[in-house]
Amino acid sequence: MKKVKWGVLGAGGIADRRTLPGMMLAENAELVAVMEVNMELAEKLRAKYNAKRAYDNTEALVNDPEVEAVYIASPVLYHKDQVIACAKAKKHILVEKPIAMTLEDCAELVKICEDAGVLTATGLMMRYGAYNMAMKKLIAEGAIGQVVSCRAQLTCWYPEIPGAWRQDKKLSGGGALMDMGVHCIDLIEHITGSKTEAVFGINETKSFSYNVDDSSNILLKLSNGATAYVDSNFNIPDAAAECRLEFYGTRGSILASGTIGQVDGGNVKVVIAKEGGYDASQARNEVAPLELNVELGNMYTREIESFSDSILNGSPVQVPMTDAVWVQKVINAAYESGEKGILVKVD
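For every chain, the first residue of its written sequence is number 1, and the numbers climb from 1 along that sequence. Given that this is a predicted model, residues contribute local features only at a pLDDT of at least 70 and side-chain atom pairs are listed and counted only at 80 or more, while totals for whole chains, interfaces and linings are drawn from all residues. As a rule here, side-chain values come from all non-hydrogen atoms in the structure, and water together with hydrogens is ignored.

**Here's the deal with the overall build of the protein chain**
Assigned secondary structure in the protein chain consists of 10 helices and 14 strands. On C-alpha atoms alone, the protein chain measures out to a radius of gyration of 21 Å, which is about the 20 Å that the 2.2 N^0.38 rule sets for 347 residues. Counting only C-alpha atoms, the protein chain reaches 70 × 50 × 40 Å along its principal axes. Within the protein chain, residue pairs in contact and separated by at least 24 positions form 69% of the contacts whose partners lie at least 6 positions apart. As presented, the protein chain carries roughly 15,600 Å² of accessible surface, and 51% of it is formed by carbon and sulfur atoms. Looking at the protein chain, you have 35 positive and 45 negative side-chain charges, and the mean spots of the two groups are 2 Å apart. Counting from the N terminus, the helices are DSSP H or I runs at least four residues long and the strands are E runs at least two residues long. Just to be clear, the radius of gyration here is over C-alpha atoms, and the globule rule we use is 2.2 Å times residues to the power 0.38. Residues count as neighbours in contact if any of their non-hydrogen atoms are within 4.5 Å of one another. Here the Shrake-Rupley method, with its probe set to 1.4 Å, supplies the accessible areas, and only the displayed protein chains count as covering residues. Working convention for charge: Lys and Arg count positive, Asp and Glu count negative, and His plus the chain ends are omitted. Where a charge sits is defined by one atom per residue type, namely NZ (Lys), CZ (Arg), CG (Asp) or CD (Glu).

Below is the structure:
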């Protein structure tokens, strides 16, 4: 099988923990080069994943003639320059979210990549979760009727850590909402097939001393008429939250836990109400939940294989950069709402 030859900018962090192990399992991808600003670390990662070359700067990797596609997992502050460098070198690009610090920069990058004729995708890998894909199918088939309410929650324990770029607004652009809420918003919109029309947000730093939000609670009005709640926290212990994803409709509900995260798994309960009319007693009769039969795997492998297939065979990009730009627009509106205390429209 023909394989896309990959390079990675920012090969430590999430790339080392998740994406590179997933890439190793991809049948249509081959890791050629890695880059970290610390050459000793870059060399260790090269050896760990059996890559051919290690670099300590962006230009060297993107100008490697063997590299066909680049995965960018560096701090957000560096995304813009790295995306531009890749586009100029005619490399296809998979970039982590957010793709840039501002919406203006995001729009600029989309145009630059389009003009360069390179394919682009964004690391919203939770779309590739087996249960998340199954939930999208159920809702599209009308299994729970008209969706009227949704909720998503993603939390972690993230105390002050010296040098942690996600805790510095100049480097990250935002806190729990920007880093974790982005997945919740994207999953709700993707699974329901509806876009956000307006948002109200409360974003605060309650527990720690860094200058980004460690607590975010936002309310979304979706284009299908549903209301969605998104909770994002850096101040809840990992063992104390189930990271729930819930959809309620006029015919039933889908209640999931653990499907929002970095590992393909979790539990899902699907309840379809029995046919019947109005019941003044509101009896909560037991209904046997449906079982979802899915094949669990590796979300990052599916992500790499999907984008590699787009490069090799021209299949549609499943998570285009423009999708990430849209979610960032929703997040910006949520931050604006929190600052002004008003409902903010998104268009």
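So, next bit.
**Points about the environment of Leu77**
Structurally, the position occupied by Leu77 is in the loop between β4 (69-72) and α4 (79-88). Relative accessible area decides the class of each residue, using a 1.4 Å probe on protein chains only: under 20% of the type maximum gives buried, over 50% gives exposed, and in between gives partly exposed. Note on Leu77: relative accessible area 38%, which makes it partly exposed. It is 27 Å that separates the C-alpha atoms of Leu77 and Val4, two residues lying 73 residues apart in sequence. When near neighbours in sequence (up to four residues on either side) are disregarded, Leu77 contacts Met101, Lys170 and Leu171.

**Section: the packing of aromatic side chains**
Note on aromatic pairs: the rings of Phe, Tyr and Trp (six-membered ring only in Trp) are paired at centre separations within 6.5 Å, and the planes decide the class, stacked below 30 degrees, edge-to-face beyond 60, tilted for the rest. The final tally for this structure, using the stated rule, is 5 aromatic pairs. Geometrically, the ring pair formed by Tyr158 and Phe234 is edge-to-face, given 5.0 Å between the ring centres and 70° between the ring planes. Taken together, the residues span a long stretch of sequence, with Tyr158 in the loop between β7 (147-155) and α7 (169-172) and Phe234 in the loop between β10 (227-233) and β11 (244-249) at a distance of 76 residues. With relative accessibility at 15%, the residue Tyr158 sits in the buried group. For Phe234, a relative accessible area of 1% puts it in the buried group. Centre to centre, the rings of Phe208 and Tyr210 are 5.5 Å apart; their planes meet at 35°, and the pair counts as tilted.

**Comments concerning the side chain of Ser74**
Checked against the element boundaries, Ser74 lands in the loop between β4 and α4. For Ser74, a relative accessible area of 7% puts it in the buried group. Ignoring anything within four residues of it in the chain, the contact list for Ser74 reads Leu9, Gly10, His79 and Gln82.

**Details of helix α6 (residues 130-140)**
Listed in full, the buried residues belonging to α6 are Ala130, Tyr131, Asn132, Ala134, Met135, Leu138 and Ile139. Along its buried surface, α6 packs onto β7, α8 (176-192), β11, β12 (252-257), β13 (267-272) and α9 (299-313). Among the residues trailing α6, Gly142 stands out with phi positive, at a value near 80°.

**Some points on the pattern of salt bridges**
Put simply, a salt bridge is a Lys or Arg side-chain nitrogen that is within 4 Å of an Asp or Glu carboxyl oxygen. Considering all chains together, one arrives at 23 salt bridges under this definition. Of the charged contacts, one joins Lys137 and Glu141 as a salt bridge, the two residues approaching to 2.4 Å between their closest N and O atoms. Taking the relative accessible area as the measure of exposure, Lys137 reaches 53% and is therefore exposed. Taking the shortest distance from any N to any O, the salt bridge between Arg302 and Asp264 comes out at 2.9 Å. With Arg302 in helix α9 and Asp264 in the loop between β12 and β13, this residue pair connects regions lying 38 residues apart in the sequence. Asp264 shares its class with Arg302; the two are buried. Overlapping salt bridges, with partners in common, bring together Lys5, Glu30, Lys52, Arg53, Asp64 and Glu66 in one network.

**Some details on the sheet that holds β10**
In space, the 8 strands of this open sheet follow the order β13-β12-β11-β7-β10-β9-β8-β14, with mixed pairing throughout. Of all strands in the sheet, those bounded by a partner on one side alone are β13 and β14 (344-345). Bridge count for β7 against β10 is 7 bridges, and the pairing is parallel. Within β10, the position partnered with Gln153 by the bridge is Asp231. Each axis is a line fitted through C-alpha atoms, taken for helices only over the stretch in contact, and angles between the N-to-C directions span 0 to 180 degrees. On the sheet, α8 packs against β7, β8 (196-204), β9 (215-222), β10 and β11 and is oriented at approximately 150° with respect to β10. Strands qualify as paired when DSSP identifies two bridges or more between them.

**Some details on the sheet that holds strand β3 (residues 53-55)**
On the basis of which strands lie adjacent, the open sheet formed by 6 strands has the order β3-β2-β1-β4-β5-β6 and parallel pairing. Strands with a single pairing partner mark the edges of an open sheet, and in this sheet they are β3 and β6 (120-122). Taking each pair of neighbouring strands and ignoring which way they run, the sheet shows an average axis angle of 25°. With 3 bridges connecting them, strand β5 (residues 92-95) and β6 associate as parallel partners. Bridge pairing in β6 places Val95 opposite Thr122. Against the sheet, helix α2 (residues 39-48) contacts β2 (29-35) and β3, and its axis sits at roughly 155° relative to β3.

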